[in-house]
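The residues making up each chain are set out below.
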Amino acid sequence: IGTLIIFAAGTALSAVAPTLEVMILGRVLQGVGGGLFPLAFAIVREILPRERVAGAIGILSATLGIGGGFGMVGAGLVVRYLDSSFLFWIPLIPMIAAILLLMRYLPADDPNRNPGSINWLGAILLAISLTALLVAISQGRTWGWTSSRILGLFVMAIIAGILWVQAELRAKEPLVSIPIMRLRGVWTSNLVALL
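Residues numbered from 1 in each chain as written. Predicted model: local features only at pLDDT ≥ 70, side-chain atom pairs only at ≥ 80, totals over all residues. Heavy atoms only, no water.

Student: Sorry, what's going on with the overall build of the protein chain here?
Tutor: Counting its regular elements, the protein chain contains nine helices and zero strands. Structurally, the protein chain occupies a C-alpha span of about 50 × 45 × 30 Å along its principal axes. Surface accessibility of the protein chain: about 13,300 Å² in total, with carbon and sulfur atoms responsible for 70%. A distance of 11 Å separates the average location of the 13 positive side-chain charges in the protein chain from that of its 8 negative side-chain charges. (Helix = DSSP H or I, 4+ residues; strand = E, 2+ residues; numbered from the N terminus. Areas by Shrake-Rupley, 256 points an atom, 1.4 Å probe, with all protein chains shown as cover. Lys, Arg positive; Asp, Glu negative; His and termini not counted. Charge placed at Lys NZ, Arg CZ, Asp CG, Glu CD.)

As structure tokens, this is what we get:
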């Protein structure tokens, strides 16, 4: 709920931003929304029976892919036919509805539940893999796609990615459940979102 409130506040700030700097600040606050899907996955795993978790995560993954695709197309239509501030006002409506629904229906945390721990090794390996991949992709044209720096970054991304998967498979509390990611409904939705 807190994450959604910060996300909604950033969205509202961007909608009314009088300057580019204020809009950028709003967009930074919206960046907190990046944590919504991992939080949603965690909530699903916490409150649903085990046999329904995979299907629910598949639906959440599909929502991410479909929403991202619709958002890109819809944004073009909004900019063409409405003021650009509507790029923020329109999604603010379901955000507020989601906050209200969660406040009403999300079960309270069990105070006796062990809060778990953070898989630091998995987090570090994932950060290394993604950072190396993104730097290689963003700098490939400038540094040369076959330069030693770019090739080294791609190799680093692959090796760190493989080590991350191994660490997640061994972790008591993984950041990402690799067995769930192997399910057809989950990996296909994520592939569509990526593409």
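Now that the structure has been shown, the text picks up again.
Student: I would appreciate a short explanation of the environment of Glu46 in the present structure.
Tutor: Within the element layout of this structure, Glu46 appears in helix H3 (residues 36–47). Owing to a relative accessible area of 46%, Glu46 belongs among the partly exposed residues under this scheme. The spacing of Glu46 and Leu183 is 137 residues in sequence and 19 Å in space, taken between C-alpha atoms. (Buried < 20%, exposed > 50% of the residue type's maximum accessible area, 1.4 Å probe, protein only.)

Student: Looking at this structure, I do not really get a nonpolar patch on the surface. What am I missing?
Tutor: Taken together, the side chains of Val16, Val73, Leu77, Tyr81, Leu82, Phe86, Trp89 and Ile90 present a nonpolar region at the surface, about 790 Å² in accessible area. Structurally, the position occupied by Val73 is in helix H4 (residues 50–81). (Patch = residues over 30% accessible without salt bridge, like charges linked within 9 Å, V, L, I, M, F, W, Y side chains within 5 Å. Salt bridge = Lys/Arg side-chain N within 4 Å of Asp/Glu carboxyl O.)

Student: Would you mind going over the packing of H3 against H4 with me for this structure?
Tutor: When two helices pack together, you describe them by how their axes are tilted relative to each other and by the distance separating the axes. At a minimum axis distance of 9 Å, the contact between H3 and H4 shows a crossing angle of 160°. As far as their axial angle goes, H4 and H3 are roughly antiparallel. Relative to H4, the crossing made by H3 is right-handed. Counting all contacts with H3, which are made through Phe37, Ala40, Phe41, Val44 and Arg45, the residues of H4 involved are Val53, Ala56, Ile57, Leu60, Ser61 and Leu64. (Axes fitted to C-alpha atoms, helices over the stretch in contact; angles between N-to-C directions. Parallel < 35°, antiparallel > 145°, perpendicular 65-115°, else oblique. Left-handed = near helix turned anticlockwise from the far one by under 90°. Contact = heavy atoms within 4.5 Å.)

Student: Mind showing me how you'd approach the confidence of the model for the protein chain here?
Tutor: Interpretation of this model should avoid reading the predicted coordinates in detail wherever pLDDT is low. In the predicted model, the protein chain carries a mean pLDDT of 88, and the fraction of residues at 70 or more is 96%. Averaged over each element, pLDDT in the protein chain is lowest for helix H9 (residues 184–194) (74) and highest for helix H7 (residues 148–170) (96). (pLDDT = per-residue confidence, 0-100.)

Student: Help me understand the environment of Lys172 in this model?
Tutor: Here Lys172 lies in the loop between H7 and helix H8 (178–181). In this structure, the C-alpha to C-alpha distance between Lys172 and Ser117, residues 55 residues apart in sequence, is 9.1 Å.

Student: Where do I start with the packing of aromatic side chains in this structure?
Tutor: Ring pairs (aromatic) are described by centroid distance and by the angle formed between their planes. Scanning the entire structure with this criterion turns up two aromatic pairs. Ring geometry for Trp145 versus Phe154: centroids 6.5 Å apart, planes at 15°, classification stacked. Here Trp145 falls in the partly exposed class, since its relative accessible area comes to 47%. The class of Phe154 is partly exposed, set by a relative accessible area of 25%. In this structure, Arg149 packs its charged tip against the face of Trp143, placed 4.0 Å from the ring centre. (Phe/Tyr/Trp six-rings, centres within 6.5 Å; stacked < 30°, edge-to-face > 60°. Lys NZ or Arg CZ within 6 Å of the ring centre and 35° of its normal.)

Student: Explain the environment of Gly33 here, please?
Tutor: Looking at the element boundaries, Gly33 is found in the loop between helix H2 (20–30) and H3. Here the alpha-carbon distance between Gly33 and Leu183, two residues 150 residues apart in the chain, equals 25 Å. In contact with Gly33, not counting residues within four places along its chain, are Thr3 and Phe7.

Student: Help me out: how do you make sense of the nonpolar core in this one?
Tutor: Nonpolar side chains in soluble globular proteins tend to be buried together. Counting seven residues, the largest nonpolar core is built from Val44, Val53, Ala56, Ile57, Leu60, Ile180 and Val186. Broken down by element, this core gets its largest block of residues, four residues, from H4. Apart from residues no more than four positions distant in its own chain, Ile180 is found in contact with Val53, Ile57 and Val186. (Core = buried A, V, L, I, M, F, W, Y, C linked by side-chain atoms within 4.5 Å.)

Student: Just to check I follow, could you spell out H4 for this structure?
Tutor: An α-helix turns once every 3.6 residues. As a result, residues three or four positions apart point the same way. For H4, with 32 residues, the first-to-last C-alpha span of 46 Å sits near the 46 Å given by 1.5 Å per residue. What H4 keeps buried is the set Val53, Ala56, Ile57, Gly58, Leu60, Ser61, Gly65, Gly74 and Val78. (Expected span 1.5 Å × (residues − 1).)

Student: Mind showing me how you'd approach the side chain of Ser14 here?
Tutor: Mapped onto the elements, Ser14 comes out in helix H1 (residues 2–16). Leaving out residues up to four positions away in the same chain, Ser14 has contacts with Met23, Gly26, Arg27, Gln30 and Phe88.

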